[in-house]
Amino acid sequence: MLKFVIKPFDVLFFRDTRPFNIGGVVSSIFPPFPHTFAGAISAIILQDLKVSNRKFLKKIYGPFLYNEKQNKTYFPKPADIYKEKKKKQVEKIFSLELYDDSNLALFKFENSNKPKGIERLPIYLGSEEVEGFNGFISEEGLQKWINGQEVALQDIVMFEDIFEYESRVGIKQDITTHTVVEEDGLYRIKFLRLKQDWSFVFYAEFNTELFPKEYQDENKIKEFYESRKLKVLKLGGEMKTAFYRVEIEDIRERFKKPVLSEDGHFKVLFLTPAAFNSGLFPEGNGIKIISALINGFVNISIYFDGKKFAKRGIKAGSVFYLKRTGNINMDDYWFGEFLGNNYFFGSNLVVYGKLS
């Protein structure tokens, strides 16, 4: 598995499927989609190695965030970690848990408007009013979450500490004469800029048998990327330049698997956006969905075999609570794909954890 640390030189813009109208304002999404980074590293191989079979990427993991100063990788914050409501500065975090009715005096799940198929809802039993927020979690914090332990405030970094928006104004022009084409051609784009010490990190596995003979080895592919005079790639909607460096590392070996309880319950964290072939709460393959915390929704689009596919998915950071109903291989949920969609390469990446 190759690890790419990608440092942008400039502002970046990542789009979803929402239409871009002249005269309007559009903002970059964050974090970007996995297939955006897959396309960036694949373009170099297609251009320089002339690999004919485009399925040379076996699996991708990320993108995540990397702090150069701390030498730490950060992942999407689990949606079951909340902060105190209406407080801009996060001073304390709280973990939601999956309780039974027997723990509650005045509330019954059967009397709530929970979605069909959901048995229980994760809640916080405390005196504080809490709410969700955007952020990333450190490697140490993610391991605590995996083990069913309490995550500390120092394990969390906020969106505003990672990047900031920069607005740019543009005018629609005729590309041949560079003159304004029409009235109301003014538009504004909110780019994002990573703050100092922050980079993207992205992992990839290759189908090495599809490469030319001299590159049918992971070390040789690494040497190929390192041998390029300019270690840069094009990234984002406006094809901005970003520097990269590459190493050999398996992301799965950075974490230890938890010992799950014998009742068959566990939770999964979506490390990338997710799209499903059938419904929002698909089941099967030996599992039953007990509950879920959706971190928000996003419109995903991708070109696949010459066609464009678009679908509404759930954001990274969402948490599903599951129960084993048959014989399943837990390795499928350890940096694996959860009931994946065939078109959105790199989506539905999950890691499982123990319920607290």
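Before reading further, recall that the structure is shown in the block above.
Presented here is a report on the structure given in the accompanying data block. (Residues numbered from 1 in each chain as written. Predicted model: local features only at pLDDT ≥ 70, side-chain atom pairs only at ≥ 80, totals over all residues. Heavy atoms only, no water.)

### Some points on the sheet that holds strand E3 (residues 57–67)
Quick note on the threshold: Paired strands are those between which DSSP finds at least two bridges. Counting from the N terminus, the helices are the DSSP runs of H or I reaching at least four residues and the strands are the DSSP runs of E reaching at least two. Helix axes are fitted to C-alpha atoms over the stretch in contact, other axes to C-alpha atoms as well, and angles between N-to-C directions run from 0 to 180 degrees.
What the 8 strands build is an open sheet, ordered E11-E10-E4-E3-E14-E1-E16-E15; its pairing is antiparallel. Every other strand in the sheet has two partners, leaving strand E11 (156–158) and strand E15 (232–235) as the edge strands with one partner each. Strand-to-strand, the axes of this sheet are offset by a mean angle of 40°, without reference to chain direction. Bridge count between E3 and strand E4 (residues 72–76): 3 bridges; the pairing is antiparallel. The partner of Tyr-66 across the bridge, within E4, is Thr-73.

### Some points on the pattern of salt bridges
Close approach of charged atoms allows side chains of opposite charge to pair. Here is the rule: Throughout this description, the term salt bridge denotes a Lys or Arg side-chain nitrogen within 4 Å of a carboxyl oxygen of Asp or Glu. Residue exposure (1.4 Å probe, protein chains only): buried if accessible area is under 20% of the type maximum, exposed if over 50%, otherwise partly exposed.
Under the counting rule described, the total for this entry stands at 20 salt bridges. The salt bridge partner of Glu-205 is Arg-252, with a shortest N-O separation of 4.0 Å. Within this pair, whereas Glu-205 is found in strand E14 (residues 198–206), its partner Arg-252 is found in the loop between strand E16 (240–248) and strand E17 (265–270), the two being separated by 47 residues in sequence. A relative accessible area of 29% means that Arg-252 is categorised as partly exposed. In this structure, Lys-222 engages Glu-226 in a salt bridge whose closest nitrogen and oxygen atoms are separated by 2.8 Å. Within this pair, Lys-222 and its partner Glu-226 are both found in helix H4 (residues 218–227), separated by 4 residues, close to a single helical turn. Taken together, the salt bridges that share partners define one network made up of Lys-3, Glu-139, Glu-249 and Arg-254.

Read these as layout, nothing more, since geometry by itself doesn't imply function.
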